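The primary structure of each chain is shown beneath.
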Amino acid sequence: MVFGKMHSWIICALCIFLFVSLWPVSELKRQHGRGQRQKKLNLNEELVQTWANQFSKVMTEEVKKYTAYDLIKRKYEKLTSIQHWSPSHHVKKTALSIKKLLKDKVRAVKNLVAVAEQASRNHTFDENLEFDYLNNKKLLSDADLVMMGINRTSPEVVRPTPHPHNVTKPGGEEANYHSDVMLVGVGGPNTIAKYRYLPTVNSSRFNNAAVNFNTSTIHVPTNVYDKNSLIQNGVKWSEALNEEMLQNDRKIKGLTWQYFCSSDGFFRVFPGIRWPQDNKGGNIDMFDCRVRNWYIESSSSPKNVIILVDTSGSMKGLRMEITRSTIERILETFSSKDYFNIISFNKNLTYLDPCFNGTMMQANKENRERLAGYIRNLKTSYIARFDKALTEAFDLFEREEMAWGKRLCNKAIMLITDGAPEGYEKIFEERNWKTDNRKPVRMFTFLIGREVSDNRNAKWMACANKGYYSHISTLADVSENVQHYLKVLSRPMVIQKKRNPIWTPVYADYSTEVSPDLSEGLKFLTSYALPVFDTKENSRKEGNLLGVVGTDVPVDQIKARIPYNKLGPSGYAFVVTSQGYVLFHPNLRPFYFKRQSPELGLKANFSSIDITEVEHVPNKTDLDMLRLEILRASGYANYSIKNVIVPYDGRKRVSIVDLTYHIYPIGETGFKLVFAVPTNYGTTLVNTRAKYGTNEEAYFMDKNTRFAPWRFCKNDEIALAKGEERKRLLYRSFYIEGGKCESNQMAVFDVTCLHDVVQLWKSVSTFEDTKTSYYASNFSVQLFGNKHGIALIFLGTKSGVTRFLNTDLFPSSIEFINLNERTVDSMYYKRAVEGRVQDGYNFTFSMPIGEAYTGDDNSVITISVPLEINHSQVGPAKDFFPLVLGLQITYQQFKQKIEDIIKKCGNITDCDLPCNSSRVNCYLLDNNGYVMMSKHHSENGGFFGDVNGGAMMREMIDRHLFQEIHFMDYQGMCESNDKGEDESSAQHLINPFKTLLSVILWTFGEIALFLSEWSLQSWFYGYYQSEASTVPPTECPTFEYEEAEMTPDLLDIWYYHYKKFAQCKPSVVTIPCHKRMTLYKADFRNFRRLHIKGTINGCDKCNMSYVVKWIRDTNLIFVITSAGCDCTMRPGFVQPIFGEIPVHSTEAQFCSRLNRQSSQRRQSFSRKGTRCIDDDREDDTRCGQCRIQVSVLLTITCVMLTLIVHTKHNSPS
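Residues numbered from 1 in each chain as written. Predicted model: local features only at pLDDT ≥ 70, side-chain atom pairs only at ≥ 80, totals over all residues. Heavy atoms only, no water.

Student: Please set out the overall build of the protein chain residue by residue, giving values where relevant.
Tutor: Within the protein chain, the regular secondary structure consists of 34 helices and 43 strands. Within the protein chain, the proportion of its 1213 residues that are buried is 56%. Long-range contacts, defined as pairs at least 24 residues apart, comprise 74% of the intrachain contacts of the protein chain with a sequence gap of at least 6. When the accessible area of the protein chain is evaluated, it comes to approximately 53900 Å², of which 53% is carbon and sulfur surface. (Helix = DSSP H or I, 4+ residues; strand = E, 2+ residues; numbered from the N terminus. Buried < 20%, exposed > 50% of the residue type's maximum accessible area, 1.4 Å probe, protein only. Contact = heavy atoms within 4.5 Å. Areas by Shrake-Rupley, 256 points an atom, 1.4 Å probe, with all protein chains shown as cover.)

This is how it looks when you write it as structure tokens:
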């Protein structure tokens, strides 16, 4: 019993011994494995607050000291007062200024129309004319002479004698417009000159392009023979335009390209140029002025077209390739004012676009390109039911007219087939020949293929319905044959002598499109164009369109009229076209980076971006109402919206502001100018009472001064000039032509008042006593920069003046100045004012973020502060900031200052957790959630939501310290696996031997194709209906061609095989798409709370403690967390999403958006009352090609039978 009790005690003691001895080991393991959960990490909130306060004090005092903030503030308070500007007044004033600019362009074009029609009347067509003209693809440039080793002053370069074809100036003086064109001889001194050389000058008006202001030059499309009699005669009579273009250029300031596009294809352009090489299309010149938007819109009224595509079994092979090419070319001749649809038919009818099944769509770029993709998938089979297709086309027109309650303009059916079995006269009688001999729907027929035995039915349908018949034998025939229908649709306009003047949506200059980096040319344009009519007495009833004349207006010329000095950093301006497209807007992004390349590309649909796709408003009803108010405004109007989302800085940052949109129409252009101004602020200006000094020229020419590229003193040359030239022009305008500079007097004051600011910066940087006026004569900028780590001190004024002191410590500092000459549009200025106005802090810190961050050693911190002036008479003027001051400090110096502060604990006793401890993580964030500093260098410049899985960022979002802001990006670009064409066809053009081989192979292929299609029925009747099965896919060819061998016949062969090759080769392409954007903004109302401390529970292995402190009077936030905790696996956690994510809409959503856009724009056309010039009653029998198509086999057979019969008849019996 005793033993049993002792046994129990022994066991108990042993257990206690084992527990006591093993507990430290298990506890140590548990603490090591679970992050010391039992001992909670105590982050000293008082210490973190001390660090934040000390940093705020040190940095703000240094910024104020080195920028001379207080001294400049006292000077401005003493010499300035304030006034308010009226957005309603200035939007009208600016609209009238833009109207005057555009009115001058209109006058120039009308002058050209009158001269062109007169010259055409005086010209007699000469079928045998041989006219020597300046083909700008065959001219030598200065670069060519350098390559040839010829100096333009050498004997090899000679001026030609005047040509007899030169026209006469008014007054009888002979005008040799080619006198500035020289001839270049190659070889010895007696060599006959063979090459024409066009002397040029580099003009700032044309973005430094090489131009000749003495003559125009001619471009002829690659597929048009440049010695054709139509081209020769047209070029000759249009020579009369030279003098008028020259006079326009001299009389109208700022005029750019003037041009005439002939309906036959040639393009006369002034000033004369050597045609730019297409660096993106395999060096193949594919330009044709007749498919430019300004030509298409001006040559006819808006069109409503239904394309019927025969996909019966007989349309296989090369015929289908020609069909696809024909449809693509037709689509190129549509503008955004047109409506269309495509229906394929065999025994069944199919609308190619499922989103517009039974309706018509707007012919904008997006819809046209989508349909061009659909036609690649056309398959051939069964027989063709022409009756069903024609009936559906007429039904569709009737449905559209009932839906819109009005007659559609220029209705046309285009039938693409290889033969029609009959004329379907009954259908046309019932549906198109109703009353008064009217035929409201025109019929255009395109007969496809070489071996067409009978064209009578196709031609009859066209001729009987006021249309045109074309036979397209090869791919080389497509372009010119498609152009015929445009000439027909233009006839009512010519006969009635009515013109639709047009202003185009924004588009890219051709020189910009083809330049390697999109930097050449005039960038983005709108054009004014008018048609030119044949007014000869004997051809007036024929309705011949001679062509279209026009001129371009760079969008920058319009933007130069915007008063940015009044709108300031918080407002912006934009222009909307009559269709609701933006001509320019801060959120319009026409460029994108190509896949895996730094090379820029132009987005396909940038010219048709709607206003609803660039303004980001939470309430869609408000957005639709804004669009409606803009489009229907006939005078001043305004519309206010709350909480508008305004992304900026490359969509890395965002602000939310209440805006009022002030609207005013720009004359009769259909354009509307809009000023978006904050509802409760943004209308304060600085006025001055100061007198100007005596040494003003030195102030302007100072090397540490920059001026914004604005239109000061109503002088366009100032906006175009650069560097020292801009300064000289400004000085001359202010002091010699000062009468035009009333609105820019503040710029003069800023220059004068701040003329000594650089010396002031040197002074306050040398002496601690900033009250002294001593200027350090021996001050070393470099030594100062090295000592304090300051790379740049600068200021930018609201009037557009920048002053700076560069210490040469950092190479990028001067680049920063050059990139930020526009002051109020610069990020440092916008962010500084936004921080003060919206969030109440003065000092904004920024650094390169995302891909722009290249490491600590290569980065600078930019600190900016708005100069706020207090005038008692103003009251609460929350936006009275005449300028922003700033400096750049090296990242290492910035980091060192923070580390020095953290090392000092002050009076805090519990100071055992500095940021270099492995137990804590310390972060410095900016107001948009980007990491300004972390001990893990890879995290610097990145989004805080990507750090440690985003647990701490999610915690701050949940505590409403950061706002999570979502909006849609309708201009996104996404990568897609597609079987599309390669960018350049040149990579497939290798050598002429392979070309010869391909010709042989193609010939055999054509013979095989003929044998496969040949039948007794087609032999005798010339048409047939086939119920062939779908053609199996063809193997991918490997044929390659040399560009030099691209004759029209070879182009036909090349196109067929290359298209096949491209369709077989999968590639990754970049296509437009929609994306959902998510950005973040700190809510400083909540950051101003004294205590932001807490613990994130439920993490793996530990709980995360944290302290968050706002660094007073800055945009910086200090965040300290316990290290080693993974909180991403706790229930309900969602990592913050940053940036853009593609939105994959359902088919119903996608189609709904497209239908809504098409209907909105149809409504806008109705509201504007776009004039419809559509009269089908012209008396013209020119309805198609006259040549008779004959079956070759049938002809041979008939001849042989005739010979046999004749032989038998003549043989002796």
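Student: Can you tell me about the state of the cysteines, naming the residues and giving the values?
Tutor: Throughout the structure, instances matching the rule amount to 6 disulfides. One disulfide bridge connects C261 with C289, the sulfur atoms lying 2.0 Å from each other. The sign of the S-S torsion, about 75°, decides the handedness of the disulfide formed by C261 and C289: right-handed. Highlighted residues: C261 in strand β9 (residues 258–262) and C289 in the loop between β10 (267–270) and α8 (293–299), separated in sequence by 28 residues. (Disulfide = S-S within 2.5 Å.)

Student: So what's going on with unusual backbone geometry? Residues and values would help.
Tutor: The omega torsion across F270 and P271 is -5°, close enough to zero to call that bond cis. Within the secondary structure layout, P271 lies in the loop between β10 and α8. Positioned with a positive phi, D649 is a non-glycine residue whose angle comes to about 55°. Mapped onto the elements, D649 comes out in the loop between β26 (637–648) and β27 (653–665). The phi angle at K714 is positive, at roughly 60°, despite the residue not being glycine. With respect to the helices, strands and loops of the structure, K714 is situated in the loop between β30 (705–707) and α20 (716–720).

Student: Describe the nonpolar core, and please don't skip the residues or the numbers.
Tutor: Grouped together as the largest cluster of nonpolar side chains are 110 residues, with contacts concentrated most on L102, Y661, L673, F675 and F734. Per-element tally for this core: the top contributor is helix α4 (residues 87–122), with 11 residues. Counting 60 residues, the second largest nonpolar core, distinct from the first, contains V48, M746, I902 and I1111. (Core = buried A, V, L, I, M, F, W, Y, C linked by side-chain atoms within 4.5 Å.)

Student: Please set out helix α24 (residues 781–788) residue by residue, giving values where relevant.
Tutor: One turn of an α-helix holds 3.6 residues; hence residues three or four places apart share an orientation. Taken residue by residue, α24 has V781, F784 and G785 as its buried positions. Buried residues along α24 cover an arc of 95° about the axis, so they all sit on one side. Turned more than 90 degrees away from the buried face of α24, the exposed residues are L783, N786 and K787. (Arc of directions from axis to C-beta.)

Student: Give me the sheet that holds strand β31 (residues 790–797): which residues, what numbers.
Tutor: With respect to topology, 6 strands assemble into an open sheet ordered β30-β32-β31-β35-β34-β33, the strand pairing being antiparallel. In this open sheet, the two edge strands, each paired with only one partner strand, are β30 and β33 (844–846). The average angle at which neighbouring strand axes cross in this sheet is 20°, direction not considered. Pairing geometry for β33 and strand β34 (residues 860–867), over 3 bridges, is antiparallel. Considered in β34, the bridge of T844 is made with S864. (Pairing = 2+ DSSP bridges. Axes fitted to C-alpha atoms, helices over the stretch in contact; angles between N-to-C directions.)

Student: Quick one: what's the story with the sheet that holds strand β28 (residues 672–678), residue by residue and with numbers?
Tutor: Spatial strand order, β23-β22-β28-β27-β26: 5 strands in an open sheet with antiparallel pairing. Single-partner strands in this sheet number two, and they are β23 (582–584) and β26. If you compare each strand with its neighbour and ignore which way they point, the axes differ by 35° on average. Pairing analysis gives 7 bridges linking β27 to β28, with the strands arranged antiparallel. Residue L659 lies in a different strand from β28, and its bridge partner there is P678. Strands in contact with helix α18 (residues 620–632) are β22 (572–576), β26, β27 and β28; relative to β26, the strand with the most contacts, it is inclined by about 125°.

Student: Kindly report on the confidence of the model for the protein chain, identifying the contributing residues and their values.
Tutor: When pLDDT is averaged along the protein chain, the result is 80, and 77% of the positions lie at 70 or above. Mean pLDDT values over the elements of the protein chain span from 35, in helix α30 (residues 1016–1021), up to 97, in β22. Considering only residues more than four positions removed or in separate chains, one finds that residues 162–177, a stretch of pLDDT under 50, has 27 contacts. (pLDDT = per-residue confidence, 0-100.)

Student: Please set out the environment of N233 residue by residue, giving values where relevant.
Tutor: Looking at the secondary structure, you find N233 in helix α6 (residues 229–237). Under the relative-accessibility criterion, N233 is labelled buried at 2%. Distance in space between the C-alpha atoms of N233 and L129 is 6.9 Å, their sequence separation being 104 residues. Filtering out sequence-adjacent residues up to four positions away, N233 remains in contact with H123, T124, F125, D126 and L129.

Student: Talk me through a nonpolar patch on the surface; I want residue IDs and the actual numbers.
Tutor: A cluster of nonpolar residues, M147, M148 and Y195, forms a patch on the protein surface that exposes about 340 Å² of accessible area. Along the polypeptide, M147 turns up in helix α5 (residues 142–148). A relative accessible area of 73% means that M147 is categorised as exposed. (Patch = residues over 30% accessible without salt bridge, like charges linked within 9 Å, V, L, I, M, F, W, Y side chains within 5 Å. Salt bridge = Lys/Arg side-chain N within 4 Å of Asp/Glu carboxyl O.)

Student: Describe the environment of N940, naming the residues involved and giving the relevant values.
Tutor: Inspection of the secondary structure puts N940 in the loop between β37 (931–934) and α28 (951–958). Residue N940 is classed as buried on the basis of its relative accessible area, which comes to 4%. With 17 residues separating them in the primary sequence, N940 and Y923 have C-alpha atoms 9.2 Å apart.

Student: Before we move on, could you go through the side chain of T80 and cite the residues and values that matter?
Tutor: Looking at where T80 falls in the secondary structure, it is placed in strand β1 (residues 80–84). Of the polar contacts made by the side chain of T80, one reaches the backbone oxygen of Y76; its length is 2.4 Å. (Polar contact = N/O pair within 3.5 Å; in protein donor to acceptor, adjacent residues only side chain to side chain.)

Student: Can you tell me about the pairing of β28, naming the residues and giving the values?
Tutor: Counting buried residues in β28 gives 7 out of 7 residues, a clear majority hidden from the surface. Hairpin connection between β27 and β28: a loop of 6 residues separates the two successive antiparallel strands, and G667 in this loop has a positive phi of roughly 55°.

Student: Provide a residue-level description of the pattern of salt bridges, including the pertinent values.
Tutor: Side chains bearing opposite charge may pair, as long as their charged atoms lie close to each other. Under the criterion given, the structure shown has 52 salt bridges. For the salt bridge of R803 with D702, the shortest nitrogen-to-oxygen distance reads 3.3 Å. One end of the pair, R803, is in strand β32 (residues 801–806); the other, D702, is in the loop between α19 (696–701) and β30, and 101 residues separate them in sequence. Through salt bridges that share partners, D288, R290, R329, E332 and E480 make up one connected network.

Student: Lay out the packing of aromatic side chains with the relevant residues and their values.
Tutor: Scanning the model with the defined rule gives 49 aromatic pairs in all. Ring plane angle 15° and centroid distance 5.6 Å describe the contact between F700 and F707, whose orientation is recorded as stacked. Assessed through its relative accessible area of 1%, F700 is described here as buried. Under the relative-accessibility criterion, F707 is labelled buried at 3%. These aromatic residues form a ring-pair network of at least three members: Y259, F267, W275, F287, W294, Y295 and Y510. The residue whose ring lies beneath R499 is F533, and the NZ or CZ to ring-centre distance is 4.2 Å. Over the face of the ring belonging to Y564 we find R822, whose NZ or CZ atom lies 5.2 Å from the ring centre. (Phe/Tyr/Trp six-rings, centres within 6.5 Å; stacked < 30°, edge-to-face > 60°. Lys NZ or Arg CZ within 6 Å of the ring centre and 35° of its normal.)

Student: Got a sec to walk through the packing of α4 against helix α7 (residues 241–251)? Specific residues and values, please.
Tutor: Across the interface, α4 lies against α7 with an axial gap of 9 Å and an inter-helix angle of 165°. By the criterion of interaxial angle, the relationship of α4 to α7 is roughly antiparallel. Taken as a pair, α4 and α7 cross one another with a handedness that is right-handed. For the pair α4 and α7, the contacting residues are A108, N111, L112, V115 and A116 in the first and L241, E244, M245 and N248 in the second. (Parallel < 35°, antiparallel > 145°, perpendicular 65-115°, else oblique. Left-handed = near helix turned anticlockwise from the far one by under 90°.)

Student: Tell me what's going on with the environment of M1129, and back it up with residues and numbers.
Tutor: Looking at where M1129 falls in the secondary structure, it is placed in the loop between β42 (1117–1122) and β43 (1139–1142). Look at M1129 and you get exposed, because its relative accessible area is 69%. Between the C-alpha atom of M1129 and that of D1100, which follows or precedes it by 29 residues, the distance is 7.2 Å.

Student: Describe the pairing of β22, with residues and values.
Tutor: Counting buried residues in β22 gives 5 out of 5 residues, a clear majority hidden from the surface. Burial along β22 is two-sided: Y572, F574 and V576 and A573 and V575, pointing in opposite directions, are all buried. When β22 meets β28, the two strands line up antiparallel, connected through 5 bridges. Residue pairing for β28: A573 is matched across the bridge by F675.

Student: Please set out the packing of helix α9 (residues 318–332) against helix α14 (residues 478–496) residue by residue, giving values where relevant.
Tutor: For the pair α9 and α14, the least separation of the axes is 10 Å and the interaxial angle reads 50°. Between α9 and α14, the interaxial angle falls into the category oblique. At the point where α9 passes α14, the crossing takes the right-handed sense. Contacts between α9 and α14 involve I322, S325, T326, R329 and I330 from the first element and V478, S479, V482 and Y485 from the second. Per-class residue counts for the contact of α9 with α14 are 5 nonpolar, 3 polar and 1 charged. (Nonpolar A, V, L, I, M, F, W, Y, C, P; charged D, E, K, R; others polar.)

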